[in-house]
Amino acid sequence: MTAYVVQRMLLMLVTLFAIITLTFFLMHAVPGGPFTSEKILQPEIQAALNAKYHLDDPLWLQYLTYLKGVLSFDLGPSFKYAGMSVNQIIAEGLPVTMKTGALALICVVALGVPLGIVAALNRNRWPDTLVMVIATIGVAVPSYVIATVALYVFALRLGWVPTFGLDDWRGYFLPVFALSGFWISFIARLARSSLLETLQQDYMMTARAKGLRRGTVLFKHGLRNSLIPVVTVLGPVVANLLTGSFVIEQIFALPGIGRHFVLSITNRDYTAIMGITIFYAAVLMVMIFIVDMLYLVLDPRIKYRADAK
Amino acid sequence: MTDTHIAPEMWAPATRDGAAAEYIAAPSLTFWQDVRKRLWANKPAMLGLGFIILLVLAAIFGPLLSRHTYFEQNLKLSNIPPLFQTYEVTDGAGATTRFFFNSGNLNLYEVTPSGEVAGLLRATKKDLIKKQQQFKFGDREVVLDTARQQLSFADGAALAPSGWQWNMSHWLGTDQLGRDVLARQLYGARISLTVAFVATLVNFFIGVFYGGLAGYLGGKADTIMMRVVEVISTIPLTLYVILIMVVFNSGFLSVVLAIGSVYWVDMARIVRGQILTLKQQDYVAAARTMGASTPRILVRHLLPNSVGPILVTLTMLIPSAIFIESFMSFIGLGVTPPEASWGTLTSEAVETLRAYPYQLFFPAAAISLTMFAFNFLGDGLRDALDPRLRT
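Predicted model only: the values in this text are computed from it and were never measured. (Residues numbered from 1 in each chain as written. Chains lettered and ligands numbered in written order. Predicted model: local features only at pLDDT ≥ 70, side-chain atom pairs only at ≥ 80, totals over all residues. Heavy atoms only, no water.)

Engineer: When you look at the overall build of chain A in this model, what are you seeing that I'm missing?
Structural biologist: From N to C terminus, chain A includes 12 helices and 0 strands. Reading chain A from its N terminus to its C terminus gives the helix and strand order α-α-α-α-α-α-α-α-α-α-α-α. Reported as C-alpha extents along the three principal axes, the dimensions of chain A are approximately 85 × 60 × 30 Å. Taken over 309 residues, chain A has a buried fraction of 48%. Pairs at least 24 apart in sequence give 72% of the contacts found in chain A among residues at least 6 apart. Entry remark: accessible area of chain A is about 16,000 Å², with carbon and sulfur atoms responsible for 68%. Between the mean site of the 24 positive side-chain charges and the mean site of the 16 negative ones, chain A shows a separation of 15 Å. (Helix = DSSP H or I, 4+ residues; strand = E, 2+ residues; numbered from the N terminus. Buried < 20%, exposed > 50% of the residue type's maximum accessible area, 1.4 Å probe, protein only. Contact = heavy atoms within 4.5 Å. Areas by Shrake-Rupley, 256 points an atom, 1.4 Å probe, with all protein chains shown as cover. Lys, Arg positive; Asp, Glu negative; His and termini not counted. Charge placed at Lys NZ, Arg CZ, Asp CG, Glu CD.)

Structural data, given as structure tokens:
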């Protein structure tokens, strides 16, 4: 167990290193420097800027400097916002993204799983059909379509919620709904099929045959086993909630990291793109790691060994 | 209870017939015949397949048949809806003018009797304080109250609409630059589908090659190759598509390249798993004894037998490629204007959402229906190919 955790940590470090390297060289492969723009700078200013940001150093030295910076949690200055560091940009956007993301994740689990259970227990009756129809729609319709339609109907037409921003608590409804819509449907479908499969297992019949109450059979024997596939996808769910926030924060004008990321792409703010990518990747890896550990607790059959696989 | 009469011959012992026991009632089917039969019986999957075929045909031939091109602009006829309510005014000389009012941009457009949009009507007088515009039709005058969005004659009598008319010159209306929505929609289908198919194909080749090699070589090579896959799969792929797009600039080719080079990991995993189990089979050993080379065994024996899961993964990859492309285009990293894909069409429609919400309908419906179709087809294929579900 400990050996497995250590091995996973090492793998995470290797991955992070690969990400930093790849991102760094990808961003430096972009033709033109960060200060290339329509406005032609004086050569002296250009040289001074290059010297200030160490852009006149050889590439390998720049790389080492950057690596050293990342290791000490310093992602460098932003090239487009003078005086802003990438750390500041992230610190500014993080609370917003975390709040909407966490709410969306809660919605996914708190709505998706019960919907799947209801559907599985009422197989081929109207609740099942209803849930499956909603879930199929939710999986097929892209999140930005859900977001814009919801924005038009609930904010512009009905005026129940503000059209942008999070100053009002009602402002959270639409972004969270749009962000979690796909995954609620996905989890509902997954929970349904998984529970249906579990319900047919022999141990379920044994449990009922030995006279356990229906609730106990369902929750202790059925649910716990059928939730394992659901837990495994939670890692990717977190990843997608974060990347999904690019569009959602754009549509609802939320000042989160996703919006900063898209802005830095349109502004070609290379250090910001690089820094936010690395930050995202690190967060995601930690999340996936946590989910895997959760998986370990939930399923006692799985004994991780360092040499497993 | 009445007696049931049973004919005496029914009581006679049945004759044992060896040939009858061996008789095969159903025709013998090969695996693929069986798959086809079960897929054919799956209605949602067939509906999905039909939709996809229609879509591909529309994407190929639609732009050729269309009267408009996807880039031709006509700013005088921008944001025309597909369906409008027409008004008719007959002047003293008996000439009738048919027109409609576009509430989004407060303009009047003349309509021909056959329903084509002839052009913009110019106001003869604009009263900005009263928010009124006057239009002259021969000797008659119509006043447009732009604040209340009402049309009336000069004497104050309200003008009643004469009926609904479908836009015959632009069947789905025009966008904010006056480009034909239908033509752009069809062209967008072409781009979106091409991106999806080509990117999926690239993924297919990389994934099959990588996974096949790892599975076939086994041992150390397999471990190392799968470690690499593991590292790649922990990286959020959307981020990498975005980074690649930033490096290569937006455009059709870089979208294909970005999506194609990143999403092969699942395919590699599945192919490897299949090859690992299949290579233990006797027929592989037999082929090797007969002197077949490694590439031949891979291509002729192992891959054809793992085609089922590969096919399912492919059908599932296409909608996600469409989705990612539209996602990229939506945040401004997709194909460059005036080219159109469903993603750019959606994001253009979002810009005008307040005034013309219906413009969002067509691209959003196109993406969603295509997603439905591929999902249904993929589910159907999986069910049809799964031997465990055979009845």
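Following the structure, the description resumes.
Engineer: Is there a simple way to explain the pattern of salt bridges in this structure?
Structural biologist: Close approach of charged atoms allows side chains with opposite charge to pair. All names here are of chain B. Per the stated rule, a full pass over the model turns up 7 salt bridges over all chains. Across the pair Asp-222 and Arg-272 runs a salt bridge, and its minimum N-O distance is 2.6 Å. You can see Asp-222 sitting in helix H5 (residues 219–234) and its partner Arg-272 sitting in helix H8 (residues 265–278), a full 50 residues away along the chain. A residue is classified by how much of its surface remains accessible, and Asp-222, at 8% relative accessible area, is buried. The partly exposed category is assigned to Arg-272, whose relative accessible area is 21%. Put simply, Asp-379 and Arg-382 hold a salt bridge, and the shortest N to O gap is 2.7 Å. In this pair, Asp-379 and Arg-382 are both assigned in helix H13 (residues 361–385), 3 residues apart and thus about one turn of the helix distant. (Salt bridge = Lys/Arg side-chain N within 4 Å of Asp/Glu carboxyl O.)

Engineer: How should I be thinking about the domain arrangement of chain A in this particular structure?
Structural biologist: When the parts come together, some accessible area is lost, and that loss is often what is quoted as the size of the interface. All names here are of chain A. The domain boundaries assigned to chain A delineate domain 1 (2–71) and domain 2 (93–298). The C-alpha-based centres of domain 1 and domain 2 are spaced at 34 Å. Contacts between domain 1 and domain 2 engage 17 residues on the former and 14 residues on the latter. Both faces considered, domain 1 and domain 2 share a buried interface measuring about 1,400 Å² in area, 84% of it formed by carbon and sulfur atoms. If you sort the residues of domain 1 by the area they bury against domain 2, Arg-8, Met-12 and Met-27 come out on top, with a joint share of 34%. Summed over the shared surface of domain 1 and domain 2, the result is 0 salt bridges. For the pair domain 1 and domain 2, the number of links is 0 residue pairs in polar contact (both at pLDDT 80 or more). Broken down by secondary-structure element, the contributors of at least two residues to the side of domain 1 that touches domain 2 are helix H1 (2–28) and helix H3 (59–71). Residue contributions to the side of domain 1 that touches domain 2 peak at 13 residues, all from H1. Counted by class, the side of domain 1 that touches domain 2 contains 13 nonpolar, 3 polar and 1 charged residues. (Domains from an automatic or database assignment. Buried area = accessible area lost by both parts, 1.4 Å probe. Polar contact = N/O pair within 3.5 Å; in protein donor to acceptor, adjacent residues only side chain to side chain. Nonpolar A, V, L, I, M, F, W, Y, C, P; charged D, E, K, R; others polar.)

Engineer: Would you explain empty space enclosed by the protein in this entry?
Structural biologist: One water molecule sets the probe size; rolling that probe over the atoms shows where empty space is left. Residue and element names in this part refer to chain B. Considering all chains together, one arrives at 3 cavities of 30 Å³ or more under this definition. Of the voids in this model, the largest cavity is the one considered here, and its volume is about 140 Å³. As for the largest cavity, its lining consists of 14 residues, of which Asp-175, Val-181, Leu-345, Ala-349 and Gln-359 are closest to the centre. Split by residue class, the lining of the largest cavity holds 7 nonpolar, 4 polar and 3 charged. (1 Å grid on protein atoms, 1.4 Å probe; cavity = no way out; pocket = protein on both sides within 12 Å on 5 of 7 lines; lining within 4 Å. Points joined across faces, edges and corners; volume = space filled by probe spheres on them.)

Engineer: Help me out: how do you make sense of the layout of surface pockets in this one?
Structural biologist: Residue and element names in this part refer to chain A. If you add up the space inside the second largest pocket, you get close to 640 Å³. In this structure, the second largest pocket is lined by 30 residues; those nearest its centre are Ile-137, Val-141, Ile-146, Val-149 and Phe-177. Top contributing element to the lining of the second largest pocket by residue count: helix H7 (residues 173–199), with 7 residues. Split by residue class, the lining of the second largest pocket holds 25 nonpolar, 5 polar and no charged.

Engineer: I tried to follow the nonpolar core on my own but got confused; where do I start?
Structural biologist: Among soluble globular proteins, nonpolar side chains are generally buried collectively. With 147 residues, the main nonpolar core has Phe252(A), Val241(B), Ile242(B) and Ile259(B) as its most contacted residues. No fewer than three residues from each of domain 1 (2–71) and domain 2 (93–298) of chain A sit in this core. Contacts of Val241(B), omitting those with residues within four sequence positions, involve Ala258(B), Ile259(B), Val262(B), Tyr263(B), Ile324(B) and Met328(B). Residues Tyr87(B), Phe101(B), Leu144(B) and Phe153(B) belong to the second largest nonpolar core, which totals 13 residues. (Core = buried A, V, L, I, M, F, W, Y, C linked by side-chain atoms within 4.5 Å.)

Engineer: How should the pairing of strand S4 (residues 117–120) of chain B be read in this particular structure?
Structural biologist: Side chains on a regular strand alternate between the two faces of the sheet. Residues and elements named next belong to chain B. Inspection of the sheet shows strand S3 (residues 107–111) paired to S4 by 3 bridges, in the antiparallel sense. What sits directly across from Tyr-109, in S4, is Leu-120. With antiparallel pairing between neighbouring strands as the criterion, S3 and S4 make up a hairpin whose turn holds 5 residues, including Gly-115 at a positive phi of roughly 95°. (Pairing = 2+ DSSP bridges.)

Engineer: Help me understand the confidence of the model for chain B, please; the structure alone is not making it clear to me.
Structural biologist: As a note on interpretation, predicted positions should not be read in detail where pLDDT is low. When pLDDT is averaged along chain B, the result is 80; 97% of the residues meet or exceed 70. Overall fold confidence for the complex sits at a pTM of 0.78, while the interface term, ipTM, reaches 0.76. (pLDDT = per-residue confidence, 0-100.)

Engineer: Would you mind going over the environment of Ile6(B) with me for this structure?
Structural biologist: Relative to the helices and strands, Ile6(B) resides in the segment before helix H1 (18–22). Distance from Ile6(B) to Phe99(B), taken between C-alpha atoms, is 83 Å for residues 93 residues apart in sequence.

Engineer: Could you clarify how one ought to interpret the sheet that holds S3(B) in this entry?
Structural biologist: Sheet strands pair via backbone hydrogen bonds, and the direction of the pair is either parallel or antiparallel. Residues and elements named next belong to chain B. Read across the sheet, 5 strands follow the order S4-S3-S2-S1-S9 without closing on themselves; strand pairing throughout is antiparallel. Only two strands of the sheet have a single partner each, and these edge strands are S4 and strand S9 (163–166). Adjacent strand axes in the sheet meet at a mean angle of 40°, parallel and antiparallel pairs treated alike. (Axes fitted to C-alpha atoms, helices over the stretch in contact; angles between N-to-C directions.)

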